[in-house]
Amino acid sequence: MTSKLAVVALLLLTPASSAAQYYQTDFPAEEFKARHARVFEQIGENAVAVVQGMPQTEGYTYPRQHNTFYYLSGIETPGAYLLLDGRTKKVTIYLPGRNPRLEAAEGRVLSAEDADLVKRIAGLDDVRALQEMVGTDWPLVATDASGENAGRGGRGGRAVAAIYAEFSPAENQGQSRGELVAAETARAADYWDGAGSRQRRFVELLRARHPRADVRNLNPILDEMRSVKSEREIAMIRRASQIAGLGLLEAMRSTEPGVTEYQLDAAARYVFLVNDARLEGYRSITASGTENINNMHYFRNTSTLKDGDLVLMDYAPDYRNYVSDIGRVWPVNGTYTASQRELLQFVLEFHKAVLSRIRPGVTASQIHDEAKKAMEPVFARTTFSKPIYEKAARNLVETGGGVFSHTVGLAVHDVGGYRNGPLKPGQVFSVDPQLRVREENLYLRYEDTVVVTETGVENFTDFLPMELDEIENVVQEKGVVQKVPPIPASAIRRPGTDRQNW
């Protein structure tokens, strides 16, 4: 382990405070107020925005808040709603009341009775009970087709011209919008289902209960806001990335023939948990052998590692609602074969060529063009062992091979873009060159998550080994997972006894 890596590991493995905390303190009220102000600028003075929080959980699942709701309030209580009123420039949260029975089973959460605390930590103007969203006190008091109650507008004064709400499915733990939309489309096409997302149903209810208002899509506004991260958001993603990197290192050390993919998954997840990342950013991709690796989002993780194969791991935690996305490929036996080294070294060279040129004020396509020119001398000095390898390498460099990948933030495939203009400081995305040799079913990658800075770029996992020799050295170390033969029942003793006694 390098001295730099040792310092990072020491810092990350320091136990967190044991004090109970049932609300977030990572973001101050001022940051939420600034986000509210930007929403008001976008929706105008005659509109409101209404955002649904996550519903009450079904069973004993972790109550992780929807990303947009958390982004605008930091409040994690299930069943909450947020109202941003452009007419008054006031922000109100509607919260369920205290539920002693639920608290006795699951612990304390913020409720309508915690009004002063909620306003203080979330930068809100008012806290109301959830039941106040029904009736004349609700600022969007319903109007019927005859116009009855039209113009009253409740506490908000004049009636609204437009209501902004999310049209897209809300992201939760391990979810990204693209996958959610695909799942919703599949449900809608199911003859025996046909149900849309909860957000779609909410939009339908808004239109039915407020026929005089124009219901508009809030997602484009929030997507643009979320595309550039604040300093505190960057700190959260940096932390998630550091933990992810240490998790992959432990999986590397635990690799040897006979170990299973899910055991490497467990080694990485152990590191996540002991460093206060209680959730996964996405399900683990721990793939060994060409067939499994070739499935881009392989999820079974049940195969046994074999001598001579490669392992591809793509895994990161959900650290206090923020995630990362990193991946590496390493040899099961600790030594790359000549062909594995040949191809992975080329992918690494292209990864470096792109990474070193990321900076604000230029576009992703400009950086790609610069990286292509930088790879010309690499081609000149590289002797490929097979024509199909050179063909795959040239295709990677010419097309980019996914090197400029998706944005990363509250979701692993985060909303917002960075390719529609020059790069801006605070934009976070994955650098993920992917080389395919289809004739041999080969799929190889190097992935890091980076942020554009004022002067260049920061790779959040710059401590993670990239050079092939370094990766080999780590794999040859010993990790938390060790392959042991099955213990016969006759050898198992109960604690405090001299022999087995079942």
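What counts, and where the lines are drawn
- Residues numbered from 1 in each chain as written.
- Predicted model: local features only at pLDDT ≥ 70, side-chain atom pairs only at ≥ 80, totals over all residues.
- Heavy atoms only, no water.
- Helix = DSSP H or I, 4+ residues; strand = E, 2+ residues; numbered from the N terminus.
- Buried < 20%, exposed > 50% of the residue type's maximum accessible area, 1.4 Å probe, protein only.
- Contact = heavy atoms within 4.5 Å.
- Areas by Shrake-Rupley, 256 points an atom, 1.4 Å probe, with all protein chains shown as cover.
- Patch = residues over 30% accessible without salt bridge, like charges linked within 9 Å, V, L, I, M, F, W, Y side chains within 5 Å.
- Salt bridge = Lys/Arg side-chain N within 4 Å of Asp/Glu carboxyl O.
- Core = buried A, V, L, I, M, F, W, Y, C linked by side-chain atoms within 4.5 Å.
- Pairing = 2+ DSSP bridges.
- Axes fitted to C-alpha atoms, helices over the stretch in contact; angles between N-to-C directions.
- Parallel < 35°, antiparallel > 145°, perpendicular 65-115°, else oblique.
- Left-handed = near helix turned anticlockwise from the far one by under 90°.
- Nonpolar A, V, L, I, M, F, W, Y, C, P; charged D, E, K, R; others polar.
- Phe/Tyr/Trp six-rings, centres within 6.5 Å; stacked < 30°, edge-to-face > 60°.
- Lys NZ or Arg CZ within 6 Å of the ring centre and 35° of its normal.
- Lys, Arg positive; Asp, Glu negative; His and termini not counted.
- Arc of directions from axis to C-beta.

(A) Structural detail: the overall build of the chain. Scanning the chain from N- to C-terminus turns up 16 helices and 18 strands. Across the 502 residues that make up the chain, the buried fraction comes to 51%. When contacts within the chain are restricted to residue pairs at least 6 apart in sequence, those whose partners lie at least 24 apart make up 71%. Carbon and sulfur atoms form 51% of the exposed surface of the chain, whose accessible area is close to 23,200 Å².

(B) Layout of a nonpolar patch on the surface. Together, Tyr 270, Val 274 and Val 480 make up a nonpolar patch on the protein surface, roughly 270 Å² of accessible area in all. Residue position: Tyr 270 is located in helix H10 (residues 261–274).

(C) Seen up close, the nonpolar core. Trp 330 and Ile 358 are the most contacted members of the largest nonpolar core, which totals 123 residues. With 11 residues, helix H9 (residues 231–253) is the single largest residue contributor to this core. Not counting residues within four places of it along the chain, the set of residues in contact with Trp 330 comprises Leu 248, Ala 251, Met 252, Thr 255, Leu 264, Asp 309, Leu 310, Val 311, Met 313, Tyr 336, Ile 471 and Val 475. Core analysis: the second largest hydrophobic core is formed by 15 residues, Val 50, Tyr 81, Val 203 and Val 215 among them.

(D) Spotlight on the sheet that holds strand E17 (residues 448–452). Taken in spatial order, the 4 strands of this open sheet run E13-E14-E17-E18, and their pairing is antiparallel. Single-partner strands in this sheet number two, and they are strand E13 (404–407) and strand E18 (457–459). Shown here is a sheet whose adjacent strand axes are inclined to one another by a mean of 35°, direction ignored. On the sheet, helix H12 (residues 338–355) packs against E13, strand E14 (428–431), E17 and E18 and is oriented at approximately 155° with respect to E14.

(E) Representation of the environment of Ala 371. Here Ala 371 lies in helix H13 (residues 364–374). With a relative accessible area of 0%, Ala 371 lands in the buried category. For the pair Ala 371 and Glu 349, spaced 22 residues apart in sequence, the C-alpha to C-alpha distance is 9.9 Å. Among all residues touching Ala 371, those that are not within four sequence positions of it are Phe 350, Ala 353, Val 354 and Arg 357.

(F) Summary view of the packing of helix H2 (residues 29–43) against helix H8 (residues 219–226). Relative orientation of the contacting elements H2 and H8 amounts to 135°, with a least axis distance of 11 Å. What the angle tells us is that H2 and H8 run oblique. When the axes of H2 and H8 are compared, the crossing they make is right-handed. Taken together, the residues of H8 that come into contact with H2 (itself represented by Arg 35, Arg 38, Val 39, Gln 42 and Ile 43) are Ile 221, Leu 222 and Met 225. Its residues placed into classes, the contact of H2 with H8 shows 5 nonpolar, 1 polar and 2 charged.

(G) Broad picture of the packing of aromatic side chains. Counted according to the given criterion, the structure contains 11 aromatic pairs. Arranged with centres 5.0 Å apart and planes meeting at 85°, the rings of Tyr 191 and Trp 192 form a pair that is edge-to-face. Judged by relative accessible area, Tyr 191 falls into the exposed class, the value being 70%. Ring centres 6.1 Å apart and planes at 50° place the aromatic pair Phe 404 and Phe 429 in the tilted group. Residue Phe 404 is located in strand E13, and its partner Phe 429 is located in strand E14; the two are separated by 25 residues in the primary sequence. An aromatic cluster is defined as three or more aromatic residues linked by ring pairs; in this entry it consists of Phe 27, Phe 32 and Tyr 322. One residue, Arg 35, lies across the ring of Tyr 71, its end atom 4.1 Å from the ring centre. Over the ring of Phe 379 we find Arg 394; its NZ or CZ atom is 4.0 Å from the centre of that ring.

(H) View of the sheet that holds strand E9 (residues 310–314). The 3 strands are arranged E8-E9-E12 in an open sheet whose pairing can be described as antiparallel. The open sheet has two edge strands, strand E8 (285–288) and strand E12 (327–331), and neither has a second partner. The sheet shows a mean angle of 15° between the axes of neighbouring strands, direction not considered. Pairing of E8 with E9, which is carried by 4 bridges, proceeds in the antiparallel orientation. Residue pairing for E9: Ala 287 is matched across the bridge by Leu 312.

(I) Spotlight on the side chain of Glu 342. Relative to the elements of secondary structure, Glu 342 occurs in helix H12. As a buried residue without a salt bridge, Glu 342 has its nearest oppositely charged side chain in Lys 386, at a separation of 8.4 Å. Leaving out residues up to four positions away in the same chain, Glu 342 has contacts with Thr 383, Phe 384, Ser 385, Lys 386 and Tyr 389.

(J) Representation of the pairing of strand E15 (residues 434–437) in the model. With 4 bridges joining them, E15 and strand E16 (residues 442–445) adopt antiparallel strand pairing. Paired with Leu 435 across the bridge in E16 is Leu 444. The antiparallel hairpin formed by E15 and E16 contains 4 residues in its connecting segment, where Asn 441 sits at a positive phi of about 60°.

(K) Structural view of helix H16 (residues 468–475). For H16, the full list of buried residues reads Leu 468, Ile 471, Glu 472, Val 474 and Val 475. Across the axial projection of H16, the buried residues extend over an arc of 160°, all falling on one side.

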